[in-house]
Amino acid sequence: MDLSIYDNSDFDRGGPRWKEVVWVFVRFLFFQNAFPWPSPLRCALLRGLGARIGRAVVIRANVNISFPWRLTVGDHVWIGEDVGILTLAPVTIESNVCISQRAYLCTGSHDFRREDFKLQIAPITVREGSWIAAASFIAPGVEIGPGAVVSAGSVVFANVAPNMLVRGNPATSVSEMKIAQRFNAG
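Here the residue numbering is sequential within each chain, running from 1 through the sequence in written order. This being a predicted model, a pLDDT of at least 70 is required before a residue's local features are given, and a value of 80 or more before pairs of side-chain atoms are given or counted; all residues contribute to the totals for chains, interfaces and linings. To get the side-chain values, all heavy atoms of the structure are used, and hydrogens and water are removed first.

Novice: What should I look at first to understand the overall build of the protein chain in this one?
Specialist: Assigned secondary structure in the protein chain consists of 2 helices and 19 strands. A radius of gyration in this sense is built from C-alpha atoms; the matching globule rule multiplies 2.2 Å by the number of residues raised to 0.38. In terms of C-alpha radius of gyration, the protein chain reaches 17 Å, essentially the compact-globule figure of 16 Å for 186 residues. Burial here depends on accessible area, computed with a 1.4 Å probe over protein chains only, as a share of the maximum for the residue type. Under 20% is buried, over 50% is exposed, and the range in between is partly exposed. Going through the 186 residues of the protein chain one by one, you find that 43% of them count as buried. Looking at the protein chain alone, contacts between residues at least 24 apart form 27% of all its contacts between residues at least 6 apart. Computed over 18 positive and 15 negative side-chain charges, the inter-centroid distance for the protein chain is 8 Å. Here a strand is any run of E in DSSP of at least two residues, a helix any run of H or I of at least four, and the numbering for each starts at the N terminus. Residue contacts are counted whenever heavy atoms from the two residues lie within 4.5 Å of one another. A residue counts as positive if it is Lys or Arg and as negative if it is Asp or Glu; His and the chain ends are not included. To locate a charge, the coordinates of NZ of Lys, CZ of Arg, CG of Asp or CD of Glu are taken.

Novice: Help me understand the packing of helix α1 (residues 17-31) against helix α2 (residues 39-48) in this model?
Specialist: Packed helices, taken two at a time, are described by their axes: the angle between them and the distance between them. Orientation is described by lines fitted to C-alpha atoms, with helices fitted over the stretch in contact, and by angles between N-to-C directions that extend from 0 to 180 degrees. Running from N to C, α1 and α2 point in directions that differ by 175 degrees, and their axes come no closer than 11 Å. Compared by their axis directions, α1 and α2 come out roughly antiparallel. Across from Trp-23, Val-26, Phe-30 and Phe-31 in α1, the residues of α2 making contact are Leu-41, Arg-42, Leu-45 and Leu-46. Oblique is the label for every angle not falling under 35 degrees (roughly parallel), over 145 degrees (roughly antiparallel), or within 65 to 115 degrees (roughly perpendicular).

Novice: Whenever I open this one, the nonpolar core confuses me. Can you help?
Specialist: Looking at soluble globular proteins, one finds that nonpolar side chains tend to be buried together. In these notes, a set of buried Ala, Val, Leu, Ile, Met, Phe, Trp, Tyr and Cys residues joined through side-chain atoms within 4.5 Å is what counts as a nonpolar core. Counting residues in hydrophobic clusters, the biggest one holds 45 residues, and the most contacted among them are Leu-71, Ile-85, Ile-93, Leu-105, Ile-138 and Ile-144. Breaking this core down by element, the ones donating at least two residues are α1, α2, β4 (71-73), β6 (84-86), β7 (91-93), β9 (104-106), β12 (124-126) and β18 (164-168). Tallying contributions element by element places α1 first for this core, with 4 residues. The residues touching Ile-138, leaving out its near neighbours within four places in the chain, are Tyr-104, Leu-105, Cys-106, Ile-124, Ile-132, Ile-144, Val-150 and Val-156.

Novice: Whenever I open this one, the packing of aromatic side chains confuses me. Can you help?
Specialist: Centre-to-centre distance and the angle between the planes together describe a pair of aromatic rings. Pairing of aromatic side chains here covers Phe, Tyr and the six-membered ring of Trp, requires ring centres within 6.5 Å, and sorts the geometry by plane angle: under 30 degrees stacked, over 60 edge-to-face, intermediate tilted. Counted by the stated rule, this structure contains 7 aromatic pairs. Through successive ring pairs, a cluster of aromatic residues spans Phe-11, Phe-67 and Trp-69. The side chain of Arg-42 reaches across the aromatic face of Phe-31, ending 6.0 Å from its centre. The ring of Phe-112 has Arg-113 sitting right over it, with the charged end atom 5.5 Å from the ring centre. When the NZ atom of lysine or the CZ atom of arginine is within 6 Å of a ring's centre and also within 35 degrees of its normal, the charge is said to sit over that ring.

Below is the structure:
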């Protein structure tokens, strides 16, 4: 590769520069530090910058989101300490999902086979009822199926089937999860 010819001028940042500048300050003050700001405040700030955030979302300290206007989060989602969400492409996290501490959702990479090291981006989707455990890496273009579990420290380069437990580097299927159905009697 020859980084002197690298050019990402065709990359669409998804928002005007002023919005990005505002986000840098908001991120510094309210997200990327250890102060325990309340989650409703963090959610309101994200909404104000274009993110679609559901109800009862918990966002812990030191969360790093690149471009909030490309983030969609459902209801009752937990995002743990030190989580990274690289939103060069859209990231969708459906309802009742837990993203544990130090997990990294990465929508961008580079084509190392090309001399110009071209940027490649693809969206990530985490379906309802899934758990991305601590220190896991989710690669560009991956979809985590509903009810799936990504074990701690796993590196996921391919889609994960619904209700599947995966682990390892690269992540491989371990077993299908049997999730008890809850019925509301009232």
